[in-house]
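Results of the structural survey
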Number of protein chains: 4
Amino acid sequence: MDSFPKYLLDGYKNFMSGRYVEESARYRQLAEEGQKPQTLFIACCDSRAAPETIFDASPGELFVVRNVANMVPPYEPDGQYHGTSAALEFAVEGLKVKNIVVLGHGRCGGIHAALSPNADPLSPGDFIGKWINLLKPAAAQINSNSIMTEGERQTALERISIRNSLANLRSFPNVKEAEKQGKLKLYGAWFDISSGELWVMDNKTGDFIRPD
Amino acid sequence: MDSFPKYLLDGYKNFMSGRYVEESARYRQLAEEGQKPQTLFIACCDSRAAPETIFDASPGELFVVRNVANMVPPYEPDGQYHGTSAALEFAVEGLKVKNIVVLGHGRCGGIHAALSPNADPLSPGDFIGKWINLLKPAAAQINSNSIMTEGERQTALERISIRNSLANLRSFPNVKEAEKQGKLKLYGAWFDISSGELWVMDNKTGDFIRPD
Amino acid sequence: MDSFPKYLLDGYKNFMSGRYVEESARYRQLAEEGQKPQTLFIACCDSRAAPETIFDASPGELFVVRNVANMVPPYEPDGQYHGTSAALEFAVEGLKVKNIVVLGHGRCGGIHAALSPNADPLSPGDFIGKWINLLKPAAAQINSNSIMTEGERQTALERISIRNSLANLRSFPNVKEAEKQGKLKLYGAWFDISSGELWVMDNKTGDFIRPD
Amino acid sequence: MDSFPKYLLDGYKNFMSGRYVEESARYRQLAEEGQKPQTLFIACCDSRAAPETIFDASPGELFVVRNVANMVPPYEPDGQYHGTSAALEFAVEGLKVKNIVVLGHGRCGGIHAALSPNADPLSPGDFIGKWINLLKPAAAQINSNSIMTEGERQTALERISIRNSLANLRSFPNVKEAEKQGKLKLYGAWFDISSGELWVMDNKTGDFIRPD
């Protein structure tokens, strides 16, 4: 048997001798009483953008979906497998989360792929190409701009993707209803990997601003 | 505008004044050079089972997909949106990860849903019901067993789900090929939320055992 | 006679009893030996964006042109009055400055005017409309984007205007030649009025980034 | 990339750790509510004569045009680019400033150029030469005077240029009208770089006198 990667086992040992010792009571309680996270995060798979790290979160605090480019597909009750929609349903209906945060970040490879429509597919299945189709119209509009730099177009689409996911979240009847009743609040945020800066979305204008 | 949840901003401030200070050079480097994670994790959305926490991982180390019950659907190049398959393609073909770990955990709500086939759908869309269909045959078989306790059935299906995901991973031609060539290794692991114990899968037998 | 505004005279008294006392020798020297500023700033008239304030500059340090939206028109040796071109010539040929900085800023009213092409002219002469024509093609392209917010379009054009001015600076043969010879360097910068953040332009990519 | 001049970044750091700290609330307010300066300054680019310094002005107080020799061209609604006229229109019609101050100063290089009509052009475009043509008749008259010293002729033209700019300001119909209605007041001032003395113009006589 190929043994489990040593660097992961070393990390696990650190966890057990460090954080777990401090929080063992909390883990035991979370196991007995079940999780009661207040917030669902829709975040990216990127190795530099884990919500637990950025928000210094304790176990039990964040229910986290991670897919490429932190996307939420529109409501499609069509009988297909919809991983993100299933997680959303579980969080909103099952766990009754109070907040949903769509968290994007700088230098996102998925967004980069969306802005490179002529790139060869990574595999014959071209799953990235199809997944990123959710952003196709927006990416085409951004790409038609010849006077913004490549970096500016990338940042623009990263933020548009967050607003897109928020709009799609509101296409789910239960999300829309819970938000209307004031039981659920939706937020956008964008993390700058290089500087560590967090930018949060102004829900009225859609602009991203630095929190105080 | 509803302001961003205070407990998240407080957590972010802790991150910035703590971990980010220690790792700012690393973040800057990761921004400039791009991410080069060695491992893709397929993990659960559960708030108690973040891979970064359990493996005490630094930024840049783990590329992480999180969906309900850490599932990988089978290879279906059908033109639909497949978030998990897209992330898998990105990790294997784009980032050339060396390891894939499917990480399950105890008290998993998604597995519990799979073992409760007569429960009412959480919403009319019943996204959880459809998503968990991926485990339907396994769940039916486990449920037909009347002499394992409820807890044993739950743990059993949690582990079967991990083996299921690993089998589905191997239905992707590029994963199969890369594994054959020795460029990619696949692992299963299961985390006990209550005790903090990690169990890793023996790749030959499929059994879960404690690492040394 | 309407007497000179009192708040200005009060400010002048503060200057004389404060800063001037500390720097009187410097003023005397600057009067006797002439000014030898190292840097020409092309900045905006905006009351919130004075280069002397933002860069905490002493008398004699910055030669400063200020017009609406920190613009440099292209090289047009046509015998007309060109205030900005005259100042540029004076700084480069007369004072032999070593640096030119084009300094833009957030919430710029001139840029806002450029993005509002259907607004009524402020006066029959419509001087703003004509001046801002220098940005017309860029503004049209930015305005054709329907998925960026108003704030994002504004910031985008503010930064494009800086790059535009830098390109136009290089249309002046003496600027181009001096830059080629390494005697003169050109820079872009953007000041966020709200947060006080300074962003400097990467001369290779045109992106604006935070200095260390 | 040539990095941004260090002395400017150092100055910016001083600003951020000093003045910005004291005035951050003001900057934030100015960003949110927009600028409302009471006064437009027409000043010179000279590095020794920044209005913000001389009048110890806070951010948001002064809207500032700076060109060589603080000149205002006459009203010319001819469709050409007129940077100073555009700024004037913006200040008077857009911002509704209450005061316009034309600020001249001693040892002005632009005035010196106007008094040296046989000097070689600084560049083939001779932008200074053309710009200073606005003062040509006045300069010729001053130069025809053989019994004032060179220094006296320089000071004389510096002050004439201020009166000239004030006269040209009144050629703009909207300035003329607003002044007539008492909504706008025009002032001249002259700053002695060496002594720090401010001289303000008597609006009736045109003489420059020391304020009390």
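Because the structure is a prediction, the values reported are computed rather than measured.

Reading the values: rules and limits
- Residues numbered from 1 in each chain as written.
- Chains lettered and ligands numbered in written order.
- Predicted model: local features only at pLDDT ≥ 70, side-chain atom pairs only at ≥ 80, totals over all residues.
- Heavy atoms only, no water.
- Contact = heavy atoms within 4.5 Å.
- Buried area = accessible area lost by both parts, 1.4 Å probe.
- Salt bridge = Lys/Arg side-chain N within 4 Å of Asp/Glu carboxyl O.
- Helix = DSSP H or I, 4+ residues; strand = E, 2+ residues; numbered from the N terminus.
- Nonpolar A, V, L, I, M, F, W, Y, C, P; charged D, E, K, R; others polar.
- UniProt positions renumbered as here; feature names shortened; annotations may be inferred.
- Buried < 20%, exposed > 50% of the residue type's maximum accessible area, 1.4 Å probe, protein only.

1. Notes on the interface of chain A and chain B
With 97 residues of chain A at the contact, the number on the chain B side is 98 residues. Buried surface at the junction of chain A and chain B, both sides included, amounts to about 8400 Å², of which 64% is carbon and sulfur. For the pair chain A and chain B, the interface holds 2 salt bridges. Here Arg66(B) and Glu52(A) are joined by a salt bridge, their closest N and O atoms 2.7 Å apart. At 9 residues, helix α1 (residues 6–17) of chain A tops the list of elements feeding residues into the side of chain A that touches chain B. Looking at the side of chain A that touches chain B residue by residue, the classes come out as 46 nonpolar, 28 polar and 23 charged.

2. What about the UniProt feature "binding site: Zn(2+)" (unreviewed entry) in chain A?
Residues and elements named next belong to chain A. Here, the residues flagged by UniProt with the feature "binding site: Zn(2+)" (unreviewed entry) are Cys-44, Asp-46, His-105 and Cys-108. Across 65 residues, the annotated set stays spatially compact, with a maximum C-alpha separation of 8.8 Å. Within the secondary structure layout, Cys-44 lies in strand β1 (residues 39–44). For Cys-44, a relative accessible area of 4% puts it in the buried group. Not counting residues up to four positions away in its chain, the partners in contact with Cys-44 are Ala-49, Arg-66, Asn-67, Val-68, Ala-69, Asn-70, Leu-103, His-105 and Cys-108. Note on placement: Asp-46 falls in the loop between β1 and α3 (51–54).

3. Describing the pattern of salt bridges
One pass over the full model with this rule turns up 32 salt bridges over all chains. Between Arg163(A) and Glu152(C) there is a salt bridge, with the nearest N and O atoms lying 2.7 Å from each other. Of this pair, Arg163(A) sits in helix α8 (residues 150–169) while Glu152(C) sits in helix α8 (residues 150–169), placing the two residues on different chains. Accessibility expressed as a relative area gives 11% for Glu152(C), which makes it buried. Note that Glu33(D) is salt-bridged to Lys36(D), the shortest N-O span being 3.9 Å. Residues joined in a network through salt bridges with shared partners are Glu197(A), Arg210(A), Glu197(C) and Arg210(C).

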